[in-house]
Amino acid sequence: MKLIKTIAAGFIAMGIAGGSALAASHSGAKDIVDTAVEADGFDTLVAAVQAAGLVETLKGEGPFTVFAPTDEAFAALGTTVEDLLKPENKDKLVAVLTYHVVAGKVMSTDLVDDSTPATVQGSMVTIDLDNGAMVNDATVVTADIETSNGVIHVIDKVLVPEGVL
C-alpha cells in the first residue's frame, strides 16, 4: 500500500507541475510533488493527491513514472472530480490517481508501442505510439519532465480504471 501511495503522490505531483512550465522550471533536483506544485495547470491534481493522502508517498524514493493530467483534463470529467474529492470517495480517488503511476522511471524513449505496463493501482494501461505518444486514449502533451524521484509525462485526459467511476 505504501508503494501505491508513493506512486500516486508522484502522479499528482507530475500533474501539478504541468506542461512546458514544468519542464522549464524543473531540473531534476525536486521530487514529483514539489515539481507539480511549482508548475501552473495542476491545481486539481495537487488537491486530489492531498485529499487521497498520497503526498508523502509521491515524495518518496521511487522512482516513479507519473502520467499527470492537467486541470483542463480534470475539468472534462465534470462533477465527478468534486465527488471524488469527498472523504467518502477516498478509495475511488486513490484508485484513479494510482492508475496514473507506473513503478520505475520510464522516459519517452523507453516507451514501446502496444505495450501494457501495470500501474500502481494494479490495472494495465496501453501505450500507443502510432500517432504520437498516447496512454490509453490520453495524449502525452509534454514528456520527460525529470524529477529527483522519477519522471512526469503530462497528459490531456484523466485515466480512469475500468469499473471505478
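A. Main features of the overall build of the protein chain. Helix and strand content of the protein chain: eight helices and six strands. N-terminal to C-terminal, the α/β element order of the protein chain is α-α-α-α-α-β-α-α-α-β-β-β-β-β. Buried positions account for 47% of the 165 residues belonging to the protein chain. Taking contacts inside the protein chain between residues at least 6 apart in sequence as the whole, the part at least 24 apart equals 68%. For the protein chain, the exposed area adds up to about 7,300 Å²; of that, 50% sits on carbon and sulfur atoms.

B. Just the pattern of salt bridges, in detail. What the rule picks out here adds up to six salt bridges. Among the ionic pairs, Asp 31 bridges to Lys 59, the shortest N-O distance being 2.8 Å. Taken together, the residues span a long stretch of sequence, with Asp 31 in the loop between α2 (19-25) and α3 (32-38) and Lys 59 in the loop between α5 (55-58) and β1 (64-69) at a distance of 28 residues. Salt bridges sharing partners connect three or more residues here, namely Asp 31, Asp 34 and Lys 59.

C. Layout of the side chain of His 100. Looking at where His 100 falls in the secondary structure, it is placed in the loop between α8 (90-98) and β2 (101-103). One polar contact links the side chain of His 100 to the main-chain carbonyl oxygen of Val 96, over a distance of 2.7 Å.

D. Looking closely at the sheet that holds strand β6 (residues 150-155). Reading across the sheet, the six strands line up as β2-β1-β6-β5-β4-β3 and stay open at both edges, with mixed pairing between neighbours. Looking at the sheet topology across the chains shown, the edges are occupied by β2 and β3 (127-128). Pairing between β1 and β6: six bridges, direction parallel. If you follow Phe 67 over to β6, its bridge partner there is His 153.

E. Representation of the layout of surface pockets within the structure. By volume, the largest pocket is sized at about 150 Å³. What lines the largest pocket is simply Ala 73, Ala 76, Leu 77, Tyr 99, Asn 136, Asp 137, Asp 156, Lys 157, Val 158, Leu 159 and Val 160. In terms of residue class, the lining of the largest pocket is made up of seven nonpolar, one polar and three charged.

About the thresholds
Residues numbered from 1 in each chain as written. Predicted model: local features only at pLDDT ≥ 70, side-chain atom pairs only at ≥ 80, totals over all residues. Heavy atoms only, no water. Helix = DSSP H or I, 4+ residues; strand = E, 2+ residues; numbered from the N terminus. Buried < 20%, exposed > 50% of the residue type's maximum accessible area, 1.4 Å probe, protein only. Contact = heavy atoms within 4.5 Å. Areas by Shrake-Rupley, 256 points an atom, 1.4 Å probe, with all protein chains shown as cover. Salt bridge = Lys/Arg side-chain N within 4 Å of Asp/Glu carboxyl O. Polar contact = N/O pair within 3.5 Å; in protein donor to acceptor, adjacent residues only side chain to side chain. Pairing = 2+ DSSP bridges. 1 Å grid on protein atoms, 1.4 Å probe; cavity = no way out; pocket = protein on both sides within 12 Å on 5 of 7 lines; lining within 4 Å. Points joined across faces, edges and corners; volume = space filled by probe spheres on them. Nonpolar A, V, L, I, M, F, W, Y, C, P; charged D, E, K, R; others polar.

What is shown is where atoms sit, not what they do.
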